[in-house]
Amino acid sequence: MAEVNAETLATSPEAVAQQLAASRYLADESLATAIFLAIRLGKPLLLEGAPGVGKTEAAKAIAEMLGRDLVRLQCYEGIDAAHALYEWNYQRQLLAIRHAGEHEIDIYDDRFLIARPLLQVLRAPEQRVLLVDEIDRSDHEFEALLLEFLSDFQISIPERGTIRAAAQPIVILTSNRTRELAEALRRRCVYHWIGYPDAAREADIIMLRAGDVAEDTARAVAAAVLTIRARPLAKPPGIAEAVEWANAATILEKGGSPWPEAFRRAIGVLIKDEEDLSYIAPELGRIVEEALA
Amino acid sequence: MTRDVDNPISPFTGRRCPEGADEGRRHGGQRPAPPLTCLPASSPRERGEESLPRAAAPLLGFGRLLRRYGFAVAPEQVSGFMQAVTLLGPRSMADIREAALATLAPPADRRDEFEAHFQSHFHGNTSAVVEGDADEETRIKDDGGADDERIEAEQRQEGGELSSALEQLSARDFQRDDDGLTAFRRKLSAALPARRSFRTVRTHSRGKLDLRRSLREIVSADGDVPSPLLRRRQTVPRKLLILIDVSGSMKLHTAGYLKLAHAAVQGADRTEIFTFGTRLTRITTALRIRDRDQALARAAAQVDDWDGGTRMGPTLLAFLSVPRFSSFARGAAVIILSDALERGDHAELEAAMRRLSACAFRLSLATPLAGDPRFRPATAALTAILPVLDDLIDGSSVKGLTDFILSLARPAPTAATMWKRVS
């Protein structure tokens with residue numbers, strides 16, 4: 001898709017929702033409003049919610065909608081500036097020093113600089129969409145570093161000086177809330193909580209995402225998944241699992257399995273925990289039949 | 001300008017809000033009220049707001065109202081809120097609500113409180129209820145169990161009204177008293193079991209070569225190779241997760257347990273506290289308040305099931321089925337403060353404890369019943385969960401518990417081994 005001005009596309013929440021739907025992402029009114037506001041106010045968008053509700057997908061869809069490249073920074077415990085901003089290639093620097101002998105050499109040249117996601121975003125000539133995924137997994141120190149980056153969109157490399165963003169990136173942060181984020185970060189962002197979709201919306205998502213699934217199947221899967229999610233499972237199924245279940249059941253049905261049986265046999269793609277499987281097994285037949293009714 | 005209550009004119013766009021524009025949204029049943037139902041108490045002149053349009057006053061007022069109720073709302077958030085409202089039109093009150101949610105970013109566990117303030121400020125609806133527990137992720141799963149068959153207590157024993165599956169809602173106050181919790185708070189962080197972090201620290205021996213610093217040294221020493229500089233993975237204290245039973249049978253102990261929980265949250269960064277009875281409530285945020293009385297009062301207001309029944313198995317399963325909660329238990333020292341008097345079938349309790357044990361570093365159950373020298377883990381529920389417990393200890397005194405928590409880093413024989421020896 002050709003690059004267009006972000007603000008031209010984001011004329012209203014409804015326009016954003018339509019554009020996202022064209023990128024195969026169904027956003028409800030609240031999410032579309034939050035995305036619209038984030039783009040128009042030029043603020044980062046903080047998406048929180050349970051795993052599997054489509055936070056990362058939302059970022060991908062926004063990038064696709066705007067025709068921008070997505071740069072993803074996956075956070076983890078222990079991530080620091082060297083993993084997020086930049087790192088020098090020390091081995092190459094040492095080799096270069098050895099080869100240079102008596103000659104002068106600039107060991108802080110571009111060829112020794114390894115640009116990590118945040119620096120990549122700043123150096124890009126065009127606007128990028130930056131996804132900082134699972135920020136809650138990083139430490140407080142990293143959050144503080146990110147805060148500095150998000151306020152000025154610049155990085156100071158002692159040996160090279162300050163690098164400023166050519167075009168301010170669109171930033172999306174996601175969090176599973178495994179720890180509370182600093183107030184300072186929350187207040188710099190436009191915030192949105194993504195919950196699991198209701199059955200009708202999930203059926204629409206399944207129809208949009210799955211390959212060749214009948215509408216009735218999508219509705220049945222959505223209804224059954226809603227019931228299954230309300231059970232105390234170790235790993236509640238996400239939207240992607242629901243789509244896979246609908247796909248798998250359809251394939252089995254085409255292979256000759258009758259309906260309730262096809263759903264039961266395909267359950268392995270929905271529930272991926274042995275204990276959960278044995279917990280839900282006695283009820284599964286009834287849940288599927290009720291959903292198909 | 002005349003105000004038409006049914007069909008108000010937008011103060012931002014000058015357009016008339018379409019009739020019924022609000023309907024079909026989340027608060028579809030409500031009548032759209034003009035956003036000027038509550039004017040701020042002090043005069044705009046005193047606050048230097050004369051230059052702002054009159055219509056902005058309710059928006060500013062909402063920010064101030066939230067601050068009064070302890071929401072952290074920064075000035076830039078309020079200006080973001082006003083910008084957002086302008087950007088959205090607004091075409092209806094739902095737009096103002098969406099703008100408020102997106103820019104003022106209320107914490108997820110105070111969403112209901114935020115909604116109630118919004119309703120009272122913009123709709124003049126003061127009857128909106130402020131709920132204590134607003135955690136969207138647990139509510140569904142908690143509700144699932146609320147309709148369960150209710151079992152009456154079969155017998156009465158010393159220690160309270162005993163565990164029953166009946167839900168009784170009540171509130172409680174806490175008085176200050178003195179105990180050894182200050183020392184406990186000071187020692188806790190250093191006493192918790194440690195694990196290796198992925199973050200590295202400088203070290204003089206036993207580590208990996210620190211190329212970044214080494215290269216700087218080499219360049220500054222003009223090519224000479226100095227002694228190697230090393231880094232090693234640092235150790236960090238493990239998370240501490242305390243689950244407190246607040247059912248009727250634990251009534252005598254919950255006040256002490258909550259004070260202990262407050263000291264633990266204050267003493268170690270990564271401590272999480274939940275209460276459970278007939279439902280599950282996360283009270284960590286409330287206990288982060290430094291002042292103990294305030295923190296406990298806030299926590300007391302959040303918990304709805306004081307002195308009610310117990311559904312230990314289902315509530316623990318609900319805890320484990322919320323991914324972010326179960327991640328609190330992963331690799332953590334988990335302590336359950338409960339008498340484990342589970343009524344009826346204990347299969348769910350057994351499943352929950354097995355799962356907890358599998359993801360926790362150490363799983364301990366502290367029961368006040370173990371304070372009696374004649375106590376033996378003989379009930380069906382305790383016998384079933386004993387093999388997965390690392391510790392089954394006396395939870396009858398706060399002092400005993402603090403000593404136990406401070407000894408968590410030291411290895412000890414498993415609960416089954418210990419109690420076999422005693423029996």
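The shown structure was predicted, so the numbers you read here are calculated from the model rather than taken from an experiment.

### Thoughts on the overall build of chain B
Along the backbone of chain B there are 17 helices and nine strands. Among the 423 residues that make up chain B, the fraction classed as buried is 51%. Long-range contacts, defined here as pairs at least 24 residues apart, represent 73% of the contacts in chain B between residues at least 6 apart. Counting every atom, chain B has about 20,000 Å² of accessible surface; 51% of that belongs to carbon and sulfur.

### Quick look at the packing of helix α2 (residues 13-22) of chain A against helix α4 (residues 55-66) of chain A
All names here are of chain A. Across the interface, α2 lies against α4 with an axial gap of 9 Å and an inter-helix angle of 95 degrees. One element, α2, and the other, α4, form an angle in the roughly perpendicular class. Here V16, Q19 and L20 of α2 lie close against α4, whose contacting residues are A61, I62 and M65. Taken together, the residues of the contact of α2 with α4 sort by class into five nonpolar, one polar and no charged.

### Here we look at the environment of R188 of chain A
Residue and element names in this part refer to chain A. Here R188 lies in helix α9 (residues 183-188). Owing to a relative accessible area of 27%, R188 belongs among the partly exposed residues under this scheme. Counting along the chain gives 50 residues from R188 to G238, while the straight-line C-alpha distance between them is 29 Å. Beyond its immediate stretch of four places on either side in the chain, R188 contacts K43, P44, L147 and S151.

### Considering the packing of aromatic side chains
All names here are of chain B. By the definition in use, this model includes 17 aromatic pairs over all chains. With a centroid separation of 4.8 Å and 70 degrees between ring planes, the pair formed by F274 and F325 is classed as edge-to-face. Residue F274 is located in strand β5 (residues 271-276), and its partner F325 is located in helix α13 (residues 323-329); the two are separated by 51 residues in the primary sequence. You'll find F274 and F325 in the same group, each marked buried. Grouped by ring-pair contacts, the aromatic residues F62, F71, F81, F114, F118 and F122 constitute a single cluster. R233 extends its terminal NZ or CZ atom over the ring of F198, reaching a point 4.5 Å from the ring centre.

### Focus: the interface of chain B and chain A
Listed by partner, the interface residues are 52 residues for chain B and 49 residues for chain A. Our enumeration of links across chain B and chain A arrives at eleven salt bridges. E180 of chain A serves as the salt-bridge partner of R288 of chain B, at 3.1 Å between the closest nitrogen and oxygen. Counting across the chain B and chain A interface gives 17 residue pairs in polar contact (both at pLDDT 80 or more). Those elements that place two or more of their residues in the side of chain B that touches chain A are α3 (75-88), α4 (93-104), α6 (136-146), β1 (194-203), α8 (211-220), α12 (312-321), α13 and α14 (347-359) of chain B. Here the side of chain B that touches chain A takes seven residues from α3 of chain B, the largest share from any one element. Its residues assigned to classes, the side of chain B that touches chain A comprises 23 nonpolar, eight polar and 21 charged.

### Points about the UniProt feature "domain: AAA+ ATPase" (unreviewed entry) in chain A
The feature "domain: AAA+ ATPase" (unreviewed entry), as given by UniProt, occupies residues 41-195 of chain A in the numbering adopted here. When the span residues 41-195 of chain A is considered, its composition is 35% helix and 26% strand, and the gap between its end C-alpha atoms is 24 Å.

### A short note on the side chain of R199 of chain B
Assignment of secondary structure puts R199 of chain B in strand β1. On the accessibility criterion, R199 of chain B (17% relative accessible area) is buried. Setting aside its immediate chain neighbours within four residues, R199 of chain B contacts G78, I79, D80, D139 and E141 of chain A together with R232, R233 and Q234 of chain B.

### Describing a positive patch on the surface
Taken together, the side chains of R185, R186, K187 and R290 of chain B define a basic patch exposed on the protein surface. For K187 of chain B, the location among the structural elements is in helix α7 (residues 181-191).

### Re the pairing of strand β9 (residues 391-394) of chain B
Residue and element names in this part refer to chain B. Here four bridges tie strand β8 (residues 362-367) to β9, and the two strands are oriented parallel to one another. What sits directly across from S364, in β9, is D391. Traced from β8 through helix α15 (residues 380-385) to β9, the parallel crossover comes out right-handed.

### Structural notes on the nonpolar core
Judged by nonpolar contacts, the single largest core of 56 residues is most densely connected at L20, L45, L66 and I172 of chain A together with F62 and F81 of chain B. Tallying contributions element by element places helix α3 (residues 29-41) of chain A first for this core, with eight residues. With sequence-adjacent residues up to four places away left out, F81 of chain B is seen in contact with L59, F62, I96, A99, A100, T103, L104 and F122 of chain B. The next biggest cluster of nonpolar side chains, apart from the first, holds 41 residues, and it includes I107, L146 and I155 of chain A together with A105 of chain B.

### Considering the sheet that holds strand β1 (residues 45-49) of chain A
Residues and elements named next belong to chain A. Read from one edge to the other, the open sheet built from five strands follows the order β2-β5-β8-β1-β9, with strand pairing classed as parallel. Two strands lie at the open edges of the sheet, namely β2 (70-74) and β9 (190-194), each paired on one side alone. Taking the axes of each pair of neighbouring strands and ignoring which way they run, one obtains an average angle of 20 degrees across the sheet. Packing against the sheet, helix α8 (residues 140-152) makes contact with β2, β5 (129-133) and β8 (170-175), and its axis sits at approximately 160 degrees to β8.

### Quick notes on helix α5 (residues 111-122) of chain B
Residue and element names in this part refer to chain B. For α5, spanning twelve residues, the distance from its first C-alpha to its last is 16 Å, which sits close to the expected 16 Å at 1.5 Å a residue. By the criterion of burial, α5 is predominantly enclosed, with eleven of the twelve residues buried. Of all the residues in α5, the buried ones are R111, D112, E113, F114, E115, A116, H117, F118, Q119, H121 and F122. Taken from the residues just after α5, G124 is the one with a positive phi, measuring 70 degrees.

### Describing the layout of surface pockets
A volume near 710 Å³ is recorded for the second largest pocket. Contributing to the lining of the second largest pocket are 23 residues, with D80 and E87 of chain A together with T200, D210 and R231 of chain B lying nearest its centre. For the lining of the second largest pocket, the secondary structure elements donating two or more residues are α5 (81-84) of chain A together with β1, β2 (208-209), α8 and β3 (230-237) of chain B. Take the lining of the second largest pocket: its biggest share by element is five residues, from β1 of chain B.

Rules of the game
Residues numbered from 1 in each chain as written. Chains lettered and ligands numbered in written order. Predicted model: local features only at pLDDT ≥ 70, side-chain atom pairs only at ≥ 80, totals over all residues. Heavy atoms only, no water. Helix = DSSP H or I, 4+ residues; strand = E, 2+ residues; numbered from the N terminus. Buried < 20%, exposed > 50% of the residue type's maximum accessible area, 1.4 Å probe, protein only. Contact = heavy atoms within 4.5 Å. Areas by Shrake-Rupley, 256 points an atom, 1.4 Å probe, with all protein chains shown as cover. Axes fitted to C-alpha atoms, helices over the stretch in contact; angles between N-to-C directions. Parallel < 35°, antiparallel > 145°, perpendicular 65-115°, else oblique. Nonpolar A, V, L, I, M, F, W, Y, C, P; charged D, E, K, R; others polar. Phe/Tyr/Trp six-rings, centres within 6.5 Å; stacked < 30°, edge-to-face > 60°. Lys NZ or Arg CZ within 6 Å of the ring centre and 35° of its normal. Salt bridge = Lys/Arg side-chain N within 4 Å of Asp/Glu carboxyl O. Polar contact = N/O pair within 3.5 Å; in protein donor to acceptor, adjacent residues only side chain to side chain. UniProt positions renumbered as here; feature names shortened; annotations may be inferred. Patch = residues over 30% accessible without salt bridge, like charges linked within 9 Å, V, L, I, M, F, W, Y side chains within 5 Å. Lys, Arg positive; Asp, Glu negative; His and termini not counted. Charge placed at Lys NZ, Arg CZ, Asp CG, Glu CD. Pairing = 2+ DSSP bridges. Right-handed = clockwise from strand over helix to strand, strands pointing away. Core = buried A, V, L, I, M, F, W, Y, C linked by side-chain atoms within 4.5 Å. Expected span 1.5 Å × (residues − 1). 1 Å grid on protein atoms, 1.4 Å probe; cavity = no way out; pocket = protein on both sides within 12 Å on 5 of 7 lines; lining within 4 Å. Points joined across faces, edges and corners; volume = space filled by probe spheres on them.

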